[in-house]
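# Remarks on the overall topology
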Amino acid sequence: MQILEELKGCATIGISGHENPDGDCAGACLGLALYLRKVMPQARVDVFLEPLRDELYKNIPGAETVITDFQTDVDAYDAFVVLDSAKDRIGPAENFFDRAEKTINIDHHISNPGTGMVNYVNGQSSSACELVCELVDFSLVDRDIAQALYVGIVTDTGCFRFSSTSRKTMEVAGRLMTYGFDFPTIVREVYFEKTWVQQRVLGRALMKSKSYLGGKIIVSRLAHETILSLGGVGRDVEGIVSALVSTAGADCSIFAHERSTGEWRVSFRSNSIVNVAEIAQRYGGGGHIRASGCTIGRERNIEMVIREMVEAAAAQLRAAEEKG
Ligand SMILES: [Mn+2]
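About the criteria used
- Residues numbered from 1 in each chain as written.
- Predicted model: local features only at pLDDT ≥ 70, side-chain atom pairs only at ≥ 80, totals over all residues.
- Heavy atoms only, no water.
- Donors = N, O, S within 2.8 Å, 3.2 Å for Na, K, Ca; no water.
- Helix = DSSP H or I, 4+ residues; strand = E, 2+ residues; numbered from the N terminus.
- Buried < 20%, exposed > 50% of the residue type's maximum accessible area, 1.4 Å probe, protein only.
- Lys, Arg positive; Asp, Glu negative; His and termini not counted.
- Salt bridge = Lys/Arg side-chain N within 4 Å of Asp/Glu carboxyl O.
- Polar contact = N/O pair within 3.5 Å; in protein donor to acceptor, adjacent residues only side chain to side chain.
- Patch = residues over 30% accessible without salt bridge, like charges linked within 9 Å, V, L, I, M, F, W, Y side chains within 5 Å.
- Areas by Shrake-Rupley, 256 points an atom, 1.4 Å probe, with all protein chains shown as cover.
- Charge placed at Lys NZ, Arg CZ, Asp CG, Glu CD.

Here we come to the coordination of the manganese ion. Looking at the metal site, the manganese ion is ligated by Asp 24 (OD), Asp 84 (OD), His 108 (NE2) and Asp 156 (OD), spaced 2.1 to 2.3 Å from it. Binding-site remark: the manganese ion is held by donors from one chain whose sequence spacing is D-x59-D-x23-H-x47-D. Of this pair, His 108 sits in the loop between strand 4 (102-107) and strand 5 (118-121) while Asp 156 is found in helix 6 (residues 143-156), placing the two residues 48 residues apart along the sequence. On the basis of relative accessible area, His 108 is assigned to the buried category, the value being 10%.

Okay, structure coming up:
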């Protein structure tokens, strides 16, 4: 597929991605938008996304052009492109998608059946940004476009760590780097930096953590009041579950935090053995084999529930051990 071929003759193009946009979603939407604005200057290109987090806003060129209130005077776009998700996770933009003359869906989630008239979906790809790189003519890419796409690849590969990182991913990323943006700063700000409050919340979670089955399972939880007392809010717990599973000898981590409503959000990670999707599903949640989550209602005793979850993970680990 060649994106310019697909969009030939379009005067109005809408672009969107999933709710709560991450670096890959925002990078892909803006990378593609900047490219189209450059290559098709006669076309109007609108990007609809929820507001970007500070570190993304700062590091993804074109972020200031995102339409965050989902208002437009275009009745029906000539083409509407959804990136990094199926059409059902794009919030109010789904309306624009449904009314558009032509719809295109570009995604790397294996669960996406392809919800556009034209689909470019590859579950093996590291990121939506890597897919965008395959669809553009590199001789027309510039520094801003390259930077936006690089942010997405860094985000979704966990900084080139996850198994979805392929030779192709590295080659594409290397090619983007040649445009000369300040990649060390971008990687630090987008991927590694935390606010001081986030660091303190993480510190508390680490201090409170417990180890089970000889250190193979690491568990922690934070009450709403604890997070508040450190000056934090719900999203300040992001990354804690990954920090827990990075403990030497651990295969699985479980982290729960209480929301202001009294419900508990539980996240799971595993390195190579425990299927955490299976555990989350038992509690009405879901996700991937190595990363999943679920929500536990306030009527349940969270301590008991976590004990059950630890037992489920331990059972899987014991079974794997017996198998050798
Ligand atoms: Mn993605």
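Now, onward.
Mapped onto the elements of the fold, Asp 24 is located in helix 2 (residues 23-39). The side chain of Asp 24 is buried and forms no salt bridge, while Arg 89, the nearest opposite charge, is found at 9.6 Å. Of the polar contacts made by the side chain of Asp 24, one reaches the side chain of His 108; its length is 3.3 Å. A polar contact of 3.0 Å, which involves the side chain of Asp 24, links it to the backbone nitrogen of Cys 129.

Attention now goes to the pattern of salt bridges. If you walk through the whole model with that rule in mind, you get 18 salt bridges. The closest approach of N and O atoms between Glu 5 and Lys 8, which form a salt bridge, is 3.6 Å. Each member of the pair, Glu 5 as well as Lys 8, carries the same accessibility label: exposed. In this structure, Glu 303 and Arg 221 form a salt bridge, with 3.7 Å as the shortest nitrogen-oxygen distance. Separated by 82 residues along the polypeptide, Glu 303 in helix 13 (residues 302-323) and Arg 221 in strand 7 (residues 217-222) bring together distant segments of the chain. With a relative accessible area of 26%, Arg 221 lands in the partly exposed category. Three or more residues are tied together by salt bridges with common partners; here these are Arg 44, Asp 46 and Asp 73.

Let's shift gears to a positive patch on the surface. Side chains of Arg 200, Arg 204, Lys 208 and Lys 210 sit close together on the surface and give a patch of like positive charge. Ranked by the residues each element gives to the positive patch, the list is headed by helix 9 (residues 196-208), at three residues. Taking relative accessible area as the criterion, Lys 210 reaches 52% and is therefore assigned exposed.

Structural measurements only, silent on function.
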